[in-house]
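Listed below, chain by chain, are the residues.
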Amino acid sequence: MKIVLTAGTLLLPCIAILAGCSATPVKPGGSYQGEFREFPKSVDVVRQAAVDALAVKGFEITKSESFYVEGYRPRTWGFFCTPGGETSGIWLEQAGPSLTKAWISTAISSFGRLCQKDWTAAIVTEMENTLNSQK
Amino acid sequence: MFHICYSLATILTAIFLSSCSSQSRYTMLVPTHLSKPSNCDVEVFRTGQPTKQFVRISRIDVHIERTYFIRTNFDDVLPKLKKEACESGADAIIEIQELSTNINLDETNIFHITAIGIKYQQ
């Protein structure tokens, strides 16, 4: 009985720590994968679209800076999978008064890798939908 | 035996409680706003728009993810939708867009609502 209790006591914090781990996204370029887009909008408008896109995909906004937005998808537990745990980053650069460059990438954490998803394309689509609807 | 059952029950409860994640937020579309109590009366237009004149004042997002094949529907998110609308100072909610998808062998349901909070013009 003591063994079960000790194992349980040790296991729960380990699961909690692993579930809390998150990876850091890296700006696409070179060997780092991701998406690049140019939007004919100001950086403020594109940043808001980025924040909205992350929210629609279930990300909690963890960083919202002038030229960088980051979000983390909280984990949930299931029978087969523990979805969540991904971190997406969106880097912005003002290329003109109405032109903004955006780089988007998603980092997958080491725990529950098989159940995680690269949300980059979905975020790009959501941003495009939002920004196109503002024409 | 009691201790084993108690430990197992605690672990299972903890896992079941973490089978759902939800987020909600509002973003103002106008520079200033006056919040209302979070349990205020707010009209919900699932289709159509009110006949009175109004101004779009906020964008509202509610997101729920559930595992164990549990599904979410509009009624589940309505309290949160209303709460965010009230806090943004809205009188009513319009342009409600629902998005429901299943992932991970359909075990996980992702349900998202985007809506617009409006304020009636006096």
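Here, every reference points to the structure presented above.
The paragraphs below set out a description of the structure included in this document.

Conventions adopted
Residues numbered from 1 in each chain as written. Chains lettered and ligands numbered in written order. Predicted model: local features only at pLDDT ≥ 70, side-chain atom pairs only at ≥ 80, totals over all residues. Helix = DSSP H or I, 4+ residues; strand = E, 2+ residues; numbered from the N terminus. Buried ≥ 20, exposed ≤ 12 C-beta atoms within 10 Å, placed from the backbone. Contact = placed C-beta atoms within 7 Å. Nonpolar A, V, L, I, M, F, W, Y, C, P; charged D, E, K, R; others polar. Pairing = 2+ DSSP bridges. Axes fitted to C-alpha atoms, helices over the stretch in contact; angles between N-to-C directions. Expected span 1.5 Å × (residues − 1). Core = buried A, V, L, I, M, F, W, Y, C linked by C-beta atoms within 7 Å. Parallel < 35°, antiparallel > 145°, perpendicular 65-115°, else oblique. Left-handed = near helix turned anticlockwise from the far one by under 90°.

Our focus in this paragraph is the overall build of chain B. Along chain B, the regular secondary structure elements total two helices and five strands. When the helices and strands of chain B are listed from N to C terminus, the series reads α-β-β-β-α-β-β. The buried share among the 122 residues of chain B stands at 31%.

Turning our eyes to something else, we now look at the interface of chain A and chain B. Interface size is often expressed as the accessible area that is lost when the parts come together. Taken residue by residue, the interface counts 19 residues in chain A and 24 residues in chain B. Where the side of chain A that touches chain B is concerned, the elements lending two or more residues are helix H1 (2–20) and helix H2 (43–56) of chain A. The dominant element in the side of chain A that touches chain B, judged by the number of residues it contributes, is H1(A), at four residues. Of the residues assigned to the side of chain A that touches chain B, the class counts are 13 nonpolar, five polar and one charged.

Turning next to the sheet that holds strand S2 (residues 60–64) of chain A. Residues and elements named next belong to chain A. Taken together, the five strands give an open sheet; going across it, the order is S1-S5-S4-S3-S2, and neighbouring strands pair in antiparallel fashion. Of all the strands in the sheet, the pair left with one neighbour each is strand S1 (35–39) and S2. With strand direction ignored, the average angle separating the axes of adjacent strands in the sheet is 20 degrees. Pairing of S2 with strand S3 (residues 68–72) involves four bridges; the strand directions are antiparallel. Bridged to Ser64 within S3 is Val69. Along the sheet face, H2 touches S1, S2, S3, strand S4 (87–96) and strand S5 (99–107) and points at about 165 degrees away from the line of S4.

Residues lying three or four places apart along an α-helix face the same way, a consequence of the helix completing one turn every 3.6 residues. Residue and element names in this part refer to chain A. For H2, which comprises 14 residues, the first-to-last C-alpha distance of 20 Å matches the rise-based estimate of 20 Å (1.5 Å per residue) to within 8%. Counted residue by residue, H2 has 12 buried out of 14 residues, so it is predominantly covered. Positive backbone phi, at 90 degrees, marks Gly58, one or two positions downstream of H2.

Time to look at the nonpolar core. Core analysis: the biggest nonpolar cluster contains 23 residues, and Val46(A), Ala50(A), Ala53(A), Leu54(A), Ile90(A) and Ala102(A) have the highest contact counts within it. Elements that contribute at least two residues to this core include exactly H2, S3, S4, S5 and helix H3 (120–133) of chain A. Among the elements that make up this core, the one with the highest residue count is H2(A) (nine residues). Excluding its chain neighbours within four sequence positions, the residues that come into contact with Leu54(A) are Phe59(A), Ile61(A), Val69(A), Gly71(A), Ser88(A) and Ile123(A). Core analysis: the second largest hydrophobic core is formed by 18 residues, Val62(B), Leu81(B), Ala90(B) and Ile110(B) among them.

Further remarks concern the environment of Glu43(B). Residue and element names in this part refer to chain B. Among the structural elements, Glu43 can be located in strand S2 (residues 43–44). The class of Glu43 is partly exposed, set by 14 C-beta atoms lying within 10 Å. A C-alpha to C-alpha distance of 9.7 Å links Glu43 and Ile118, two positions 75 residues apart in sequence. Apart from the residues lying within four places of it in its own chain, the contact partners of Glu43 are Asp91 and Ala92.

As a further point, take the sheet that holds strand S3 (residues 54–66) of chain B. The five strands lie next to each other as S1-S3-S5-S4-S2 (chain B), forming an open sheet whose pairing is mixed. Every interior strand has two partners, whereas the edge strands, strand S1 (20–28) and S2 of chain B, have only one. Across 10 bridges, strand S4 (residues 92–103) of chain B lies against strand S5 (residues 108–120) of chain B in antiparallel orientation. Counterpart to Ile94(B) in the pairing with S5(B) is Ile116(B). This element, H2(A), spans S1, S3 and S5 of chain B of the sheet and lies at about 40 degrees to S3(B).

All names here are of chain A. At their nearest, the axes of H2 and H3 sit 9 Å apart, and the two run at 130 degrees to each other. Accordingly, the angle class assigned to the pair H2 and H3 is oblique. Of the two possible hands of crossing, H2 and H3 adopt the one that is right-handed. Taken together, the residues of H3 that come into contact with H2 (itself represented by Val46, Ala49, Ala50, Asp52, Ala53, Leu54 and Val56) are Ile123, Glu126, Met127, Thr130 and Leu131. Looking at the contact of H2 with H3 residue by residue, the classes come out as nine nonpolar, one polar and two charged.

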